[in-house]
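Examining the three-dimensional arrangement
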Amino acid sequence: MVLNKNDLKKYSVVVEDGSGCLFQSMTDEYTYILTAKHIFFKKVEDGRPEKIQLSNGTSIQIKQCVEIGGSWQEKKIEFILIEGETYFPHKGADIAILKISPAIEGFDRICTSNKDTIEEETFLCGYPQTFRANNEGEKHTEYKVEHFGSADNGTRKAQLDTALNQETIEGMSGGAILSIDNNHINIMG
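Quick look at the structure, then. (Residues numbered from 1 in each chain as written. Predicted model: local features only at pLDDT ≥ 70, side-chain atom pairs only at ≥ 80, totals over all residues. Heavy atoms only, no water.)

Tallied over the full model, the rule gives 2 aromatic pairs. Pairing Tyr30 with Tyr32 gives two aromatic rings, centres 5.4 Å apart and planes at 55°, and the pair type is tilted. Tyr32 sits in the partly exposed class, given a relative accessible area of 22%. In this arrangement the basic side chain of Lys9 is found over the ring face of Trp72, its NZ or CZ atom lying 4.3 Å from the centre. The aromatic ring of Tyr30 is capped on one face by Lys99, whose charged end is 4.3 Å from the ring centroid. (Phe/Tyr/Trp six-rings, centres within 6.5 Å; stacked < 30°, edge-to-face > 60°. Buried < 20%, exposed > 50% of the residue type's maximum accessible area, 1.4 Å probe, protein only. Lys NZ or Arg CZ within 6 Å of the ring centre and 35° of its normal.)

Listed below in structure tokens is the structure:
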């Protein structure tokens, strides 16, 4: 099977008001979703995130885009937030791992990459808020990454098209930076 840009859509998921990326671990007992930690915090009335995490037992809305019979449909992934069991937030960085059981089959073509340069088409993938009212299969997008840069705190920055603004990227939080290389999908960031 030769991978293409539609496969990036298969690996991307909606997680609450943000996005995420399916990642198959070395076992077939569960699948991970990599996403942003701030998605799981309550918001105050003016929209700023507070430092109050959603409580254990909270049902989280996760949707996966699947291709069935040549058309795209949304499939709900059942998920209950339980820190240390199904939800693993990073202590310092704005990243979280969700553990989905049982495993979602067919997501073993993805791997991590430590490349510092872009050698193939690389995209920030996810579900921006401006696309959420679209028909099923038309809510996902890929924004081309122009180049990588480094930051002072050991993180990497990705330069997207400069015409993008807050409105066009809102909802992409937690979305992965992906590329297709040697018939695998690389998670670049």
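This is not the end of the story, as more comes after the structure.
Attention now moves to the pattern of salt bridges. All chains considered together, the criterion is met by 3 salt bridges. Asp7 is the partner of Lys10 in a salt bridge, and the nearest nitrogen-oxygen pair spans 3.4 Å. Here Lys10 pairs with Asp7, and both are found in helix 1 (residues 5-11), just 3 residues apart, close to one helical turn. Judged by its relative accessible area of 5%, Asp7 is buried. With a closest N to O distance of 3.6 Å, Lys63 and Glu74 form a salt bridge. A residue pair is termed long-range when its members are at least 10 positions apart, and Lys63 in strand 6 (residues 62-68) and Glu74 in strand 7 (residues 71-77) qualify at 11 residues. Taking relative accessible area as the criterion, Glu74 reaches 25% and is therefore assigned partly exposed. (Salt bridge = Lys/Arg side-chain N within 4 Å of Asp/Glu carboxyl O. Helix = DSSP H or I, 4+ residues; strand = E, 2+ residues; numbered from the N terminus.)

It is worth stressing that arrangement in space is one thing and function is another; only the former is reported here.
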